[in-house]
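So the chains spell out like this:
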Protein chains: 4
Amino acid sequence: MISIRTDLAVEAKEIYSAQSNGKTSGVDVEEYSEGDIKITNVKIVSDVGEKMMGKPKGTYITIDIPEFVHYDGEAMDRVSVVIGKVLKPLIKLEDSMTALVVGLGNWNVTPDAIGPKVVSKIMVTRHLKQLVPDSIDEGIRPVCAISPGVLGITGMETGEIIRGVVEKIKPNLVICIDALASRKMDRVNRTIQIGTSGISPGAGIGNRRMQINEQTLGVPVIAIGVPTVVDAATLANDTIDLVLDEMIRTANSGGEFYNMLKSIDKEEKQKMITEILNPYVGNLVVTPKEIDMVINSLSKIIASGLNIALQPALNLEDINKFLN
Amino acid sequence: MISIRTDLAVEAKEIYSAQSNGKTSGVDVEEYSEGDIKITNVKIVSDVGEKMMGKPKGTYITIDIPEFVHYDGEAMDRVSVVIGKVLKPLIKLEDSMTALVVGLGNWNVTPDAIGPKVVSKIMVTRHLKQLVPDSIDEGIRPVCAISPGVLGITGMETGEIIRGVVEKIKPNLVICIDALASRKMDRVNRTIQIGTSGISPGAGIGNRRMQINEQTLGVPVIAIGVPTVVDAATLANDTIDLVLDEMIRTANSGGEFYNMLKSIDKEEKQKMITEILNPYVGNLVVTPKEIDMVINSLSKIIASGLNIALQPALNLEDINKFLN
Amino acid sequence: MISIRTDLAVEAKEIYSAQSNGKTSGVDVEEYSEGDIKITNVKIVSDVGEKMMGKPKGTYITIDIPEFVHYDGEAMDRVSVVIGKVLKPLIKLEDSMTALVVGLGNWNVTPDAIGPKVVSKIMVTRHLKQLVPDSIDEGIRPVCAISPGVLGITGMETGEIIRGVVEKIKPNLVICIDALASRKMDRVNRTIQIGTSGISPGAGIGNRRMQINEQTLGVPVIAIGVPTVVDAATLANDTIDLVLDEMIRTANSGGEFYNMLKSIDKEEKQKMITEILNPYVGNLVVTPKEIDMVINSLSKIIASGLNIALQPALNLEDINKFLN
Amino acid sequence: MISIRTDLAVEAKEIYSAQSNGKTSGVDVEEYSEGDIKITNVKIVSDVGEKMMGKPKGTYITIDIPEFVHYDGEAMDRVSVVIGKVLKPLIKLEDSMTALVVGLGNWNVTPDAIGPKVVSKIMVTRHLKQLVPDSIDEGIRPVCAISPGVLGITGMETGEIIRGVVEKIKPNLVICIDALASRKMDRVNRTIQIGTSGISPGAGIGNRRMQINEQTLGVPVIAIGVPTVVDAATLANDTIDLVLDEMIRTANSGGEFYNMLKSIDKEEKQKMITEILNPYVGNLVVTPKEIDMVINSLSKIIASGLNIALQPALNLEDINKFLN
């Protein structure tokens, strides 16, 4: 069984399910909706689940947002409220405890800039609580935030920078936001994953990258990820699958061609495609044309959700007032 | 024979050539190199050529730039010098004649922003010649520049804005820069096309778009275009062709499957792919991950080439000094 | 009597009033408030008024906004609503008539970028009314918008560009937004002036600049201006006045020094200050440290006010939904 | 004797000199020129010098750059070369030792963004030396870089973030770049100060700010500072001094007014001006109108100087090639 790389637990679950004829052990799944927003809660609960899913034990909540949300300020607010609702039980902080929000990714590369863009919209309060405590409400939680950059920009492991800051600031919780890779075109910019088992930033040069999780930082880590691109080989593969399905549907059942098509090994095929395409598409990604706008919208949605969850004493209006 | 849409004359030529077994009439092609830079000069000279190529009569010069040019300031300068050299004979202006440089495209959409970015780096001199003539050298040509935006941003046809400005300013030449669509992944951000028969901005809603050319503006128009994206359906189609070729190579020659593969009508296939993909990829484009950096580099290269061609009395160093 | 340059009619009125011991003819003034927002309506009604005020006949409405508005999204909305209310009676367009919004100024110079920033937030609808009329409500008015740049960027007179566009597009009304100069520090970024007699863009090199008004464009022009900087000489002069007033207050009435102070000719003094300062402050302006944020906020406020006034069939919520 | 706050050692030296009739002890000053660039080397060598100058012992090198340097790419390169030359003896690192470059200041406030802008142009090599050592020349020194933001953006003391990073990365040298305050309009954007005794970031709320120097970080710290604004009260005060000097020059020597003017206590006056102005100018700064362009130019100049000093095995051309 080949492990297919995906950052999304729902996708890993689908693949696992397909490979095991629906008999998945070690993984619990719960689905529900809030209006037109679909929430899927995947829990990896055992070592078997961990191995089969290729992801550490923990909770992975996926929020699927409606298609035209980026063109509708009101719909954006509804998604933010759902994110806030989903995050609150995971945060488990007392009022006086400090959260550190970390925006991962490269601010110079639009689809990778979602983390830094969220951080720029977070309600930062920790310094106010320390320096001018009287000017700030009792119920406001101390929040601080940083975008550490990426290895190519800083020359330093992102994990090391975060660990250095965490050791000085001693927050009680770290929340990371990062761009993810999806295997499905229709998840790009439409899915937000919230997980409790940390994150591994960047594609990795060699395998030196430091995990960002409770083991390495010493405090709980919540990871928020959004798939913002699909790599070009994935798109090509998905297309060929669609074409093959169409050919099978229309071919004479039982003929040599039909049998040929049926006998194609999907993993073999994918390997072949990747090999053939590699010299051509190396660094290419597939993205919506209006990616700059979509990333702005997504970062607003997530930042609002985080602000709601981190400041339960405030409503969205108060938060917007504070931020402007 | 189906006309396949491409903005690049070299691609149209390849398709025409393939469809007519190499017997192309009405089209002259000349190729040569300057170091590692390849120049192809396609001339459409007759009505037949015009019809077969799907493009108006005129000269279309394609400059193919080496792969790693965006990582090498010196190589960038070499490409600029070649662009300048290719442009000079097309410009045909006396020293006192005015050129208007127009940056087409949407500055909010990175791969579409190349025109406005070139304009921001053009050496603008027309006002100096008019207002402080003594401060400016005899040999400096009057140049002015504008980025008119796109229909969705201004609510106005780009062609109408340009026509309005041209009627007031009365330049002797208009040079337009725009992002193009290519049919080949390996041309993206690697090919610069310079043509004498104008441009049709935008993908067009209905067919209301006004051509920008000598007929509509009343002055000669040089169009400079760069393919900066490939649409996702093109990528998928190209991949399937690669896969089919590989399958044919390895199949038993003469078997049913082999025959089946050989009998696939490439145009039928492309139509099918487009139909199948449409609901999934609607607005998706394929682009290098570091597109922001590449567009910056390309706009520097083209602007320098234009400045060299428009100001023959100056060298690249003088121009950079003026611009900084 | 020396005419002191100010772009604001309220300031010209104050100076005129001071110089004529309050007896101003040819100028009508009306003041009222909407909550904490103060509106002053200055009407220049005669040739005498025109001459004394140094401004053409017409209506000049000044909106003074509260101090901390830029830190309060709700207060920003309140100002937008007042701007909308003040603008509506000036616009006088039927539903089917077209408005062209023009953002004057240099987008590369933060305090001068307010016009282009407003334009980027205008609800542009003209193309939708033309191309997909069914998708758009009956009551939506056709609006188009452009930021023509400044002479130093385009090499073309801004007025010529606008005239070229107006002749092609034939709007029924032009609305210009520009940054102004104020003579008072406490008006900077706190005052919005709306006038019916056009605008003269830029500081002017020589006196070649073309006025933008009903005479030159052939359609009514509404000008919206905001003072975003004070020049350094003005700041110095105002300070010395404050210091002199303080000295006079504390000096022995009747002594030589007191008489000396009282005898200082304010215009002479200002001339001297300007002469002394010129070599030192040439190009310096005085601006709040957080000018980038303030310009963003002001452009949102004004754009919302314009959208409200131009689209009476929509409320602010609909407009924000459309724009996002 | 009132200590007048200035970040520049040359200014502190001028004030000290004026107050002590030129008899300054504990301070050594050396001046020389490189073409049109003036270098002043102020050494504070004793406790007395430290006390009188209001600055810790150490070397403070001031580079005064010619007026029109920002309009001349060649002149910019000349200044960079001088900066490199001045920095090299201070850096004292072996080839294998690591330097961390820190860009202080707020990237959202143009005149405060110089540190982060320099960092974005630094040749970052530390990760290449670690991960792909064969791809990188022997003589390349490992350099890493970070812009930690400001308290209002992160909610964390900048000094704490830097200390956290330094403890993890263990560089052998830290180089900080920051915007400074000057007391003189003609030093704004024209003076670069390089010092060996660290930096105190931000204006400070209360006195909680952590110094960034060898004591707090455990490694040598070089501080590079540029005055990019003058506060409005300073401008006003300087103007009044100019005016008073002019009045004294023209008054009848010996008269009451002359005596009055001569008797004005300059410190009293400054206090009065600050008091009078405060409600009006609170947060105002004086800055050149084209500040965005000037900050870009300055950051290029300083980054090139740093790259030259940190990579002695490379010339400016190699560095530019690497960075593009």
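Residues numbered from 1 in each chain as written. Chains lettered and ligands numbered in written order. Predicted model: local features only at pLDDT ≥ 70, side-chain atom pairs only at ≥ 80, totals over all residues. Heavy atoms only, no water.

In the annotation of an unreviewed UniProt entry, the entry for chain A reads Germination protease, and the organism field reads Clostridium tagluense. Chain A has a UniProt comment under Subunit (unreviewed entry) that states "Homotetramer." In its Catalytic activity (unreviewed entry) section, UniProt records this for chain A: "Endopeptidase action with P4 Glu or Asp, P1 preferably Glu > Asp, P1' hydrophobic and P2' Ala." (UniProt positions renumbered as here; feature names shortened; annotations may be inferred.)

1. Some words on the pairing of strand β8 (residues 221-231) of chain C
Side-chain direction in a regular strand flips from residue to residue, so the side chains alternate between the two faces of the sheet. Residue and element names in this part refer to chain C. Among the 11 residues of β8, 10 are classified as buried, and the element is accordingly described as predominantly covered. Strand direction decides the pairing type here: strand β6 (residues 173-181) and β8, joined by eight bridges, are parallel. Bridging across to β8, A179 finds its partner in V226. Sheet topology note: the strand β7 (residues 191-195)/β8 ladder contains three bridges and is antiparallel. Directly across from Q193, in β8, lies its bridge partner G225. Where β8 lies against strand β9 (residues 284-288), two bridges are found, and the strand directions are antiparallel. Across the sheet, D231 pairs through a bridge with V285, a residue of β9. (Buried < 20%, exposed > 50% of the residue type's maximum accessible area, 1.4 Å probe, protein only. Helix = DSSP H or I, 4+ residues; strand = E, 2+ residues; numbered from the N terminus. Pairing = 2+ DSSP bridges.)

2. Let's talk about unusual backbone geometry
The backbone of K170(A) sits at a positive phi, close to 50°, despite the residue not being glycine. When you line up the elements, K170(A) lands in the loop between α7 (158-169) and β6 (173-181). Backbone geometry places K92(B), a non-glycine residue, at a positive phi of 45°. As for its position among the elements, K92(B) is in the loop between α3 (73-91) and β4 (99-103). Look at K92(B) and you get exposed, because its relative accessible area is 71%.

3. With respect to the side chain of S80(C)
Residue and element names in this part refer to chain C. Looking at the element boundaries, S80 is found in helix α3 (residues 73-91). What makes S80 buried here is its relative accessible area of 1%. Here S80 is in contact with K300, I301, S304, G305 and I308, once residues within four sequence places are set aside. (Contact = heavy atoms within 4.5 Å.)

4. Quick word on the domain arrangement of chain A
All names here are of chain A. The domains assigned to chain A are domain 1 (9-229 + 289-323) and domain 2 (234-281). For domain 1 versus domain 2, the separation of C-alpha centres amounts to 36 Å. With four residues of domain 1 at the interface, the matching set in domain 2 holds six residues. Buried surface at the junction of domain 1 and domain 2, summed over both partners, amounts to about 400 Å²; 47% is from carbon and sulfur atoms. Of all residues in domain 1, Q19, R183 and M185 bury the most surface against domain 2, accounting for 94% of the area lost on that side. Here domain 1 and domain 2 share zero salt bridges between them. On the surface where domain 1 and domain 2 come into contact, there are zero residue pairs in polar contact (both at pLDDT 80 or more). Of the residues in the side of domain 1 that touches domain 2, the class split is one nonpolar, one polar and two charged. (Domains from an automatic or database assignment. Buried area = accessible area lost by both parts, 1.4 Å probe. Salt bridge = Lys/Arg side-chain N within 4 Å of Asp/Glu carboxyl O. Polar contact = N/O pair within 3.5 Å; in protein donor to acceptor, adjacent residues only side chain to side chain. Nonpolar A, V, L, I, M, F, W, Y, C, P; charged D, E, K, R; others polar.)

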